[in-house]
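Breakdown of the fold
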Amino acid sequence: VSTQSTGQIADEKDKNHRGPFFMVMSYTNPHAPIEPMERDVKQNAHVKNEKRRDMASMITSLDYGVGQITATLERNKMLNDTIIVFFSDNGGQVVGLGGASYGSSNYPLRGAKMTLYEGGIRTPAFIRIPGFNKSLNGPNSKKSCTYEGLFHVSDWFPTLQNFAKAKQDYSAELDGIDHADVFNDLIRGRGPKKEAPRTVVVADVDPVYDSAAILDDKFKLIIGNPTALAFDQVYPLITEESIKGTDLVINDTHYSVNGKELGKQIGLNSELIKRYENTSDNSLCMDFSCMSQTMRLYDLSVDLSEENDISERFTSIRDNLRDKLREITRDSMARPVYYEDENSEALDDDGVWRVWL
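Notes on the structure in this doc start here. All of these numbers come straight from a predicted model, not from anything done at the bench.

Some points on the nonpolar core
One finds Ala212, Ile214, Leu221, Ile223, Leu297, Leu321 and Leu325 to be the most contacted residues of the largest nonpolar core, which totals 13 residues. Sorting the residues of this core by element identifies β3 (200-206), β4 (211-216), β5 (219-224), β6 (295-299) and α10 (315-328) as the ones contributing at least two each. Top contributing element to this core by residue count: β5, with three residues. Residue contacts for isoleucine 214: discarding those within four places in its chain leaves Val200, Val201, Val202, Ala203, Phe219, Lys220, Leu221, Leu321, Lys324, Leu325 and Ile328. Membership of the second largest hydrophobic core comes to nine residues, among which are Leu116, Val201, Ile222 and Tyr298.

What follows is the structure in structure tokens.
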């Protein structure tokens, strides 16, 4: 679905009937290749760093697209009846092929996309809820507010169902947790009436990549390898100069099309893959017995940049979080093992990428 087709759908919705609708618009921007439109580059001429300017320009294009959608909703008098949610799937990618800067920065968070540090998994999000203003909700209500609690992407489903007053009939227990009441209290200026709905987030459990992480209130435990491609620092802004002579100068061979070199760099658990490649049982060990036992513990309330590993000082908290993660994931579906396919070498002799599936 494109910005234009989304607008057309909203127009048709207005012409036909005014029943409820649900729509998902998944933008690629900002993402490699970093190729901003000239009109957007001109609008960001004040940004001195070229790479940062290109990244900002791609975000400007995204902003323009979202603006087109909201303008269509407003034109059809649907904006004040529509809940809008905006969020990202991961943190910024700081470096690309050959060590080229992407102009991204997750500062002050550590890490980047493809890591379990906060720079890889903590992203900004907002929800626009129509109908909340002072005339409706009293003198203490706010136009906007910030929720500081934990929120997982799976929480959107029950939360939006509550806001839409949709029937909540589930055949199985949901992973998502409803936050609608908490958001309502915050926007009305009353403050939450109860504790945060979510106190635990499982960030990942992946025996193949030897990585797992859990957040419990202010503490975060990482087991195994927290990073891919060594993106393990706090990066104010990656530039061509700032990465010279560092481990972030990534050679193209690390991104080989069949994944062999990439696998070496990000520490794929090759022994585990061999163990399962000749069996129909792909239920990987979710108890971490086949993973590295290296553990890192951080107190995010005072160390959001994850610079101080306190796992040896607070061993009971560390071990309790490990056990909690093991218990939560005990009955989880295992990550499937993906095997190398020689046909995936889709880069032809003429240097053109072609579809191979």
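From this point on, the discussion continues.
What to know about the sheet that holds β3
Strand pairing in a sheet is mediated by backbone hydrogen bonds. Such pairs are either parallel or antiparallel. Spatial ordering of the open sheet is given by β3-β4-β5-β6, a layout of four strands whose pairing is antiparallel. Bordering the open sheet on either side are β3 and β6, each of which pairs with just one other strand. Adjacent strand axes in the sheet meet at a mean angle of 10° when their direction is disregarded. With six bridges joining them, β3 and β4 adopt antiparallel strand pairing. Counterpart to valine 201 in the pairing with β4 is leucine 215. Of the strands in this sheet, β3, β4, β5 and β6 are in contact with α10, which crosses β4 at around 110°.

Examining the environment of tryptophan 156
Its location among the elements puts tryptophan 156 in helix α6 (residues 156-163). Given the relative accessible area of 10%, tryptophan 156 is considered buried. Put simply, tryptophan 156 and valine 85 are 71 residues apart on the chain and 8.7 Å apart in space, counted from C-alpha to C-alpha. Setting aside residues up to four positions removed in sequence, tryptophan 156 forms contacts with Val85, Phe87, Ala125, Phe126, Ile127 and Phe151.

Conventions we followed
- Residues numbered from 1 in each chain as written.
- Predicted model: local features only at pLDDT ≥ 70, side-chain atom pairs only at ≥ 80, totals over all residues.
- Heavy atoms only, no water.
- Core = buried A, V, L, I, M, F, W, Y, C linked by side-chain atoms within 4.5 Å.
- Buried < 20%, exposed > 50% of the residue type's maximum accessible area, 1.4 Å probe, protein only.
- Helix = DSSP H or I, 4+ residues; strand = E, 2+ residues; numbered from the N terminus.
- Contact = heavy atoms within 4.5 Å.
- Pairing = 2+ DSSP bridges.
- Axes fitted to C-alpha atoms, helices over the stretch in contact; angles between N-to-C directions.

Coordinates in, geometry out; function isn't part of it.
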